[in-house]
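Now for the letters of each chain:
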Amino acid sequence: MTSTPALLWFRRDLRLHDNAALAAALADGRPVVPVFILDDETAAEWAPGGASRWWLHHSLASLDADLRKLGLRLILRRGHYAKELSRLLAETKASEIHVGLPTEPWARRAIDSLKLGVPIHTHRTALLFHPDAIKTGSGTPYGVFTPYSRACLREYQPHPPIPAPKSLPAATLPPSDELNDWKLLPTHPDWSAGLSVHTPGEKGAAARLKAFLPKAAAYDTARNLPGQIGTSMLSPHLAWGEISPNTVWQATGEGRGNEVFRTEILWREFSSNLLWHFPALPEAPLKPAYAAFPWRTDTKALHAWQRGQTGVPIVDAGMRQLWQTGWMHNRVRMITASFLIKHLLIDWREGERWFWDTLVDADLAANAASWQWVAGSGADAAPFFRVFNPSLQGEKFDADGAYVRHYVPELETMAEKYIHSPWNAPNPPKNYPSPIVDLAFGRARALDALKTITKSAP
DNA sequence: CGTGAGTTTGT
DNA sequence: CAAACTCAC
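Thresholds applied
- Residues numbered from 1 in each chain as written.
- Chains lettered and ligands numbered in written order.
- Predicted model: local features only at pLDDT ≥ 70, side-chain atom pairs only at ≥ 80, totals over all residues.
- Heavy atoms only, no water.
- Phe/Tyr/Trp six-rings, centres within 6.5 Å; stacked < 30°, edge-to-face > 60°.
- Buried < 20%, exposed > 50% of the residue type's maximum accessible area, 1.4 Å probe, protein only.
- Helix = DSSP H or I, 4+ residues; strand = E, 2+ residues; numbered from the N terminus.
- Domains from an automatic or database assignment.
- Contact = heavy atoms within 4.5 Å.
- Buried area = accessible area lost by both parts, 1.4 Å probe.
- Salt bridge = Lys/Arg side-chain N within 4 Å of Asp/Glu carboxyl O.
- Polar contact = N/O pair within 3.5 Å; in protein donor to acceptor, adjacent residues only side chain to side chain.
- Near = heavy atom within 4 Å.
- Nonpolar A, V, L, I, M, F, W, Y, C, P; charged D, E, K, R; others polar.
- Core = buried A, V, L, I, M, F, W, Y, C linked by side-chain atoms within 4.5 Å.
- Axes fitted to C-alpha atoms, helices over the stretch in contact; angles between N-to-C directions.
- Parallel < 35°, antiparallel > 145°, perpendicular 65-115°, else oblique.

1. So, the packing of aromatic side chains
Taken as a whole and judged by the stated rule, the model has 22 aromatic pairs. Centroid distance Trp54 to Trp55: 6.1 Å. Interplanar angle 70 degrees. Geometry classified as edge-to-face. Assigned by exposure class, Trp54 and Trp55 land together as buried. Between Trp323 and Trp354 the ring centres are 5.7 Å apart and the planes differ by 15 degrees, which places this aromatic pair in the stacked class. Pair noted here: Trp323 is in helix 14 (residues 313-325) and Trp354 is in helix 16 (residues 348-358), with a separation of 31 residues, a long-range link.

2. Notes on the domain arrangement of chain A
Domain assignment breaks chain A into domain 1 (6-126), domain 2 (128-158 + 201-277) and domain 3 (288-450). Each of domain 1 and domain 3 has a C-alpha centre, and these two points are 37 Å apart. Taken together, the contacts link 13 residues of domain 1 with nine residues of domain 3. Buried surface at the junction of domain 1 and domain 3, both sides included, amounts to about 980 Å², of which 59% is carbon and sulfur. Summed over the shared surface of domain 1 and domain 3, the result is one salt bridge. Arg353 is the partner of Glu45 in a salt bridge, and the nearest nitrogen-oxygen pair spans 3.7 Å. Between domain 1 and domain 3 we count five residue pairs in polar contact (both at pLDDT 80 or more) in total.

3. So, the protein's contact with DNA strand B
Near DNA strand B lie 16 residues; those nearest to it are Thr146, Trp267, Trp373, Asp380 and Arg386. Glu264 is positioned such that a nitrogen or oxygen atom in its side chain is 2.8 Å from a base oxygen of DNA strand B. Within the backbone of Asn389, one N or O atom sits 2.8 Å away from a phosphate oxygen of DNA strand B. Looking at the surface near DNA strand B, the elements with two or more residues in it are helix 6 (145-155), helix 12 (256-277), helix 15 (330-343) and helix 18 (390-397). Class assignment of the residues belonging to the surface near DNA strand B gives a composition of seven nonpolar, three polar and six charged.

4. Section: the pattern of salt bridges
For the coordinates displayed, the defined rule picks out 20 salt bridges. Two residues, Lys135 and Asp132, come together in a salt bridge whose shortest N-O distance is 3.9 Å. Under the relative-accessibility criterion, Lys135 is labelled partly exposed at 31%. Relative accessible area serves as the criterion here: at 37%, Asp132 is assigned to the partly exposed category. Note that Arg333 and Asp361 form a salt bridge whose closest N and O atoms lie 2.7 Å from each other. On the criterion of sequence distance, the pair formed by Arg333 in helix 15 and Asp361 in the loop between helix 16 and helix 17 (364-375) is long-range, its members being 28 residues apart. In this pair, the class of Arg333 matches that of Asp361, namely buried. One network of salt bridges, with partners in common, ties together Arg77, Glu84, Arg87 and Glu91.

5. Side note on the nonpolar core
Leu7, Trp9, Phe36, Leu60, Leu85, Trp305 and Phe355 are the most contacted members of the largest nonpolar core, which totals 134 residues. Setting aside its immediate chain neighbours within four residues, Trp305 contacts Thr310, Val315, Met319, Thr336, Phe339, Leu340, Leu344, Gly351, Trp354, Phe355 and Trp371.

6. Observations regarding the packing of helix 12 against helix 17
Viewed as axis vectors pointing N to C, helix 12 and helix 17 meet at an angle of 90 degrees, and their least axial separation amounts to 8 Å. Taken as axis vectors, helix 12 and helix 17 run roughly perpendicular relative to one another. Between helix 12 and helix 17, the contacting residues are Trp267, Ser271, Ser272, Leu274 and Leu275 on the first element and Leu364, Ala365, Ala366, Ala369 and Trp373 on the second. Of the residues assigned to the contact of helix 12 with helix 17, the class counts are eight nonpolar, two polar and no charged.

So, in structure tokens, the structure goes:
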């Protein structure tokens, strides 16, 4: 019988259900010391952004509360992984570490370089498949989504989620930081109110899933309408690992809506896969030709986009939803991203940065892969001629303008006919800006810019 | 090595 | 229908 404890190192798997790292740590009956280490220095530019820190604060509080019900508590440490882990090992005499497998390049490097004198076991807690598990016939990673997803569907082995433990062995716990001292909550007053539409934590995640499941059958069409809640809104819970993709997958049913929803889970996997095999994904275009793309520098336009003051209603509604609630409807993410990249001709990395700071669901892989997809620099990107027309998108997916009216009150009383193109209205509101770029001009300029890098040599 | 296909569209 | 290109088999 061993009595030395195991360190259970939580990262982006802040849950007790279906947690392979927790199950492994408990397997031989040792005491388990649960820890979370905030290492902003190692994460450097990809340390959690403002909205993510708000979420993290509440998620850590929730996990701590759940652990206290089982007689433990969550040990919080701030500092370099290597230094804090070696301190924890000295304090607890732990003889092994269990941690969820990360896909962020900085975290992979950090874990690979640890030399602590005890075994470090990594467990697949955040993904359905290990990034090396799904390969093409010739053994290379997939770069195109559809064949990747088909391979996933072939390989997927249904298995029930691991239940949360009903009890935990008693453990002698080392000292912990006070969560409030980490000051993860925003000082910005207009934030906390809008962010409270979310309920971080494992219970909040389960409630979201439960609320979504009856609507999953309609997901294939309802997901496109930003004026209603047709999506699962599970993204921040998945990003912090408060629920496992397998738990979500297992809960879904049959039919088109459920299938399309599961496909979205596979997009999340695909993004992680890309990041795993191309660690430069957040910084460099996957298609090398795009390194020479003639981006414009336009801080005024960038700022107008960030604050929802572009004069294009659906773009401004989306950017304001993001700023106020830390979340944006997926359809609108595509529209706002396309507008920044194509109509404003601003580098996708500027958008990636802004989303990283303002999204509660910010995930390095999904964020980078999605921005590259819109930019056309990704492995499996939209064809170059595909430029979203934000007015048409608005008319198609927010036909009555309810979404725009909610987030852009200047347009609340605008006639339906002009809600997505108020510049055509006989009396446009004086307190709402004219478009910072003419849509037809922006589209033509984007296509011209793309021609400069897609022309192949004779 | 040939062939079919490629999330989310615009005009 | 655009439509160069790459990917996967």
